[in-house]
Amino acid sequence: MHELEVVGVRIELPSNQPLVLLKEANTQRHLPIWIGAPEASAIAMFQQGIIPPRPLTHDLMISTLQALHAPLVRVEIVSVLNAVFTAELVFADDVRVDARSSDAIALALRAQCPILCDERVLDEASVMVSDDSEVAEGEEDQVREFREFLNEVEPEDFDK
């Protein structure tokens with residue numbers, strides 16, 4: 001398992017599909033995961049420090065876990081099939097709960113716990129970007145489109 005950090009939420013153009021971009025710690029390997037608008041909004045709001053007047057679903061889940069003294073230990077992204085990522089919420093004594101990766105990431109941010117990813121998932125779905133912004137052979141168009149997307153996205157893009 002490799003630790004990932006959340007870079008942020010972006011909108012892929014021209015489809016306007018939100019995605020969360022993760023980066024492997026201490027490398028230039030990035031993992032884009034396409035997600036739904038509600039999860040994108042939940043992740044972006046948390047990263048921007050926006051506190052809603054009433055708890056949103058992910059906030060409620062973390063409050064529930066705290067009240068039950070069952071903290072989230074870590075999140076693991078365990079598989080990808082046809083661009084659908086599967087994650088597991090990991091609790092004490094290695095108790096695991098199946099989760100959508102987007103929900104798992106939103107919960108991990110709020111719980112301030114690590115996000116780990118299986119090597120096979122990274123091998124299949126990650127994009128390598130070197131320190132000097134050179135791109136691995138064969139991935140130039142994908143990274144160019146992604147960079148254009150990163151430069152144009154705004155938080156307001158998540159409003160319905």
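Everything quoted here is computed from the prediction, not taken from an experiment.

Adjacent strands of a sheet pair through backbone hydrogen bonds, lying either parallel or antiparallel. Strand order in this open sheet of eight strands is β6-β5-β4-β7-β1-β2-β3-β8, and the pairing throughout is mixed. Of all the strands in the sheet, just β6 (96–100) and β8 (127–128) have a single pairing partner and so form its edges. Docked against the sheet, helix α1 (residues 37–47) engages β1 (2–12), β2 (17–24) and β6, running at close to 110 degrees with respect to β1. Contacts between helix α3 (residues 101–111) and the sheet are confined to β1, β2, β3 (29–34), β4 (74–81), β5 (84–90), β6 and β7 (115–117), with β6 contributing the most and set at about 115 degrees to the helix.

Packing of helix α2 (residues 57–67) against α3 brings their axes to within 9 Å, and their N-to-C directions diverge by 55 degrees. Considering the angle they form, α2 stands oblique to α3. With respect to the hand of their crossing, α2 and α3 are arranged in right-handed fashion. Contact residues: His58, Asp59, Met61 and Ile62 in α2; Asp103, Ala106, Leu107, Arg110 and Ala111 in α3.

Of the residues making up α1, those classed as buried are Glu39, Ala40, Ala42, Ile43, Ala44 and Met45. Residues of α1 that are buried make contact with β1, β2, α2, β6 and α3. Once α1 finishes, Gly49 follows within two positions and takes phi at roughly 75 degrees, a positive value.

Our focus in this paragraph is the packing of α1 against α3. Any two packed helices are characterised by the angle at which their axes cross and by the distance between the axes. Look at α1 against α3: their axes get within 9 Å of each other, and the N-to-C directions meet at 15 degrees. As summarised for this structure, α1 and α3 are arranged roughly parallel, according to the angle between their axes. The two elements α1 and α3 meet at a crossing, and its hand is left-handed. On α3, the residues that touch Glu39, Ala42, Ile43, Phe46 and Gln47 of α1 are Ser102, Asp103, Ile105, Ala106, Leu109 and Arg110. Classifying every residue of the contact of α1 with α3 by side-chain character gives six nonpolar, two polar and three charged.

This part is about the nonpolar core. Judged by nonpolar contacts, the single largest core of 34 residues is most densely connected at Val20, Leu22, Leu31, Ile33, Ile43, Ile77 and Ile105. Here the element with the most residues in this core is α3; it accounts for six residues. Sequence-distant contacts of Ile33, that is, excluding residues within four places in its chain, are made with Pro18, Leu19, Val20, Leu22, Ile77, Phe85, Ser101 and Ile105.

On to α3, then. The element α3 is largely enclosed, with a buried count of 10 among its 11 residues. All of the buried residues along α3 are Ser101, Ser102, Asp103, Ala104, Ile105, Ala106, Leu107, Ala108, Leu109 and Arg110. The first or second residue beyond α3 is Gln112, which carries a positive phi of 55 degrees.

So, how was this worked out
Residues numbered from 1 in each chain as written. Predicted model: local features only at pLDDT ≥ 70, side-chain atom pairs only at ≥ 80, totals over all residues. Heavy atoms only, no water. Pairing = 2+ DSSP bridges. Helix = DSSP H or I, 4+ residues; strand = E, 2+ residues; numbered from the N terminus. Contact = heavy atoms within 4.5 Å. Axes fitted to C-alpha atoms, helices over the stretch in contact; angles between N-to-C directions. Parallel < 35°, antiparallel > 145°, perpendicular 65-115°, else oblique. Left-handed = near helix turned anticlockwise from the far one by under 90°. Buried < 20%, exposed > 50% of the residue type's maximum accessible area, 1.4 Å probe, protein only. Nonpolar A, V, L, I, M, F, W, Y, C, P; charged D, E, K, R; others polar. Core = buried A, V, L, I, M, F, W, Y, C linked by side-chain atoms within 4.5 Å.

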